Amino acid sequence: MALRGVKVLDFSRVLAGPFCTMLLGDIGASILKIERPPKFDNKECPTKASRLWAARRGGGIGGGDDSRRFGPPFLPHNAEHLGGNDIEDERLSTYYLAVNRNKKSLALDLSREEGRDIARKLAVNWADVVVENFKPGTMKRMGLDYDALKTKNPSLVYCSISGY
């Protein structure tokens, strides 16, 4: 494969960015997609144990790429498909599955310094390429823009895709 060995850190969501990184993965690049962790309503999940239980079952509000919830069509996904008995049935967006094939996913809360620090370390020490499609200025506010990263990873290729 043409891009075997190239590592892409994917901060994109919805369409243009995920499609771009899908194509890179199709020709051999390793893609690590950064997604939002789910947020939990403390009234519905007041304890840590209840939040963990809800997360294990796909609970929480707004976790992951927005396109995880695009549909129909949805693909039924159940324990039989995953080879385990403790996984409840859920629906997966076929759109999300299509444009995010060939990718691994990591949930990071980029609104917290700990999440941004992990993302910075990945961009500096692991990635060859960063792809993002946030609104202009968002990555700069998080300290994840090209100027912030190039000093520690001068060979980094940085792709910023925006419809604005």
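Our structure is the block above this text.
Residues numbered from 1 in each chain as written. Predicted model: local features only at pLDDT ≥ 70, side-chain atom pairs only at ≥ 80, totals over all residues. Heavy atoms only, no water.

Caption draft 1: Representation of the environment of Pro37. Tracing the backbone through its elements, the reader meets Pro37 in the loop between strand E2 (30–35) and helix H2 (48–56). Distance from Pro37 to Gly63, taken between C-alpha atoms, is 4.7 Å for residues 26 residues apart in sequence. Pro37 has contacts with Gly63, Ala107, Leu108 and Asp109, leaving out every residue within four places of it along the chain. (Helix = DSSP H or I, 4+ residues; strand = E, 2+ residues; numbered from the N terminus. Contact = heavy atoms within 4.5 Å.)

Caption draft 2: Highlighting the sheet that holds strand E5 (residues 103–107). One open sheet holds the 5 strands; their spatial order is E5-E2-E1-E6-E7, and the pairing between them is parallel. Two strands in the sheet have a free side with no partner beyond their single neighbour: E5 and strand E7 (157–160). Within the sheet, the average angular offset between the axes of one strand and its neighbour, ignoring direction, is 20 degrees. Of the strand pairs in this sheet, strand E1 (residues 7–10) and E2 are connected by 4 bridges, and their pairing is parallel. Its bridge partner lying in E2, Asp10 is registered against Lys33. Across the face of the sheet, helix H1 (residues 16–26) comes into contact with E1, E2, E5 and strand E6 (129–132) while running at roughly 155 degrees to E2. The sheet contacts of helix H5 (residues 113–125) involve E1, E2, E5 and E6, and relative to E1 the element is tilted by about 155 degrees. (Pairing = 2+ DSSP bridges. Axes fitted to C-alpha atoms, helices over the stretch in contact; angles between N-to-C directions.)

Caption draft 3: Quick peek at the nonpolar core. Grouped together as the largest cluster of nonpolar side chains are 19 residues, with contacts concentrated most on Leu9, Phe11, Ile34, Leu110, Val130, Met139 and Leu144. Every residue in contact with Met139, bar those within four places of it in the chain, is listed here: Phe11, Glu132, Phe134, Leu144, Asp145 and Tyr158. Counting residues in hydrophobic clusters, the runner-up holds 5 residues, among them Val8, Ala29, Ile31 and Val131. (Core = buried A, V, L, I, M, F, W, Y, C linked by side-chain atoms within 4.5 Å. Buried < 20%, exposed > 50% of the residue type's maximum accessible area, 1.4 Å probe, protein only.)

Caption draft 4: Summary view of the pairing of E2. Of all the 6 residues making up E2, 5 are buried; the element is thus mostly covered by neighbouring parts of the structure. This β-α-β element, E1 to H1 to E2, shows right-handed connectivity. (Right-handed = clockwise from strand over helix to strand, strands pointing away.)

Caption draft 5: How the structure looks around the side chain of Glu35. Of note, Glu35 is situated in strand E2. A distance of 3.0 Å separates a polar atom in the side chain of Glu35 from a polar atom in the side chain of Tyr96. When neighbours within four sequence positions are excluded, Glu35 is seen to be in contact with Gly64, Asp65, Arg68, Tyr96, Ser105, Leu106, Ala107 and Leu108. (Polar contact = N/O pair within 3.5 Å; in protein donor to acceptor, adjacent residues only side chain to side chain.)

Caption draft 6: Focus on a nonpolar patch on the surface. Together, Leu15, Phe19 and Leu23 make up an exposed nonpolar region whose accessible area comes to about 280 Å². By the element assignment, Leu15 lies in the loop between E1 and H1. (Patch = residues over 30% accessible without salt bridge, like charges linked within 9 Å, V, L, I, M, F, W, Y side chains within 5 Å. Areas by Shrake-Rupley, 256 points an atom, 1.4 Å probe, with all protein chains shown as cover. Salt bridge = Lys/Arg side-chain N within 4 Å of Asp/Glu carboxyl O.)

Caption draft 7: Representation of unusual backbone geometry within the structure. With an omega dihedral of 0 degrees, the bond running from Gly71 to Pro72 counts as a cis peptide bond. Secondary-structure assignment places Pro72 in the loop between H2 and strand E3 (74–77). For the bond running from Pro72 to Pro73, omega is 5 degrees, close enough to zero to count as cis. In this fold, Pro73 is placed in the loop between H2 and E3. In this structure, Val14 takes a positive phi of about 75 degrees despite not being glycine.

Caption draft 8: View of the pattern of salt bridges. Going through the model one piece at a time under the given rule, you end up with 10 salt bridges. Arg101 serves as the salt-bridge partner of Asp26, at 2.8 Å between the closest nitrogen and oxygen. Of this pair, Asp26 sits in helix H1 while Arg101 sits in the loop between helix H4 (94–99) and E5, placing them 75 residues apart in sequence. Owing to a relative accessible area of 38%, Arg101 belongs among the partly exposed residues under this scheme. Asp65 is the partner of Lys33 in a salt bridge, and the nearest nitrogen-oxygen pair spans 3.0 Å.

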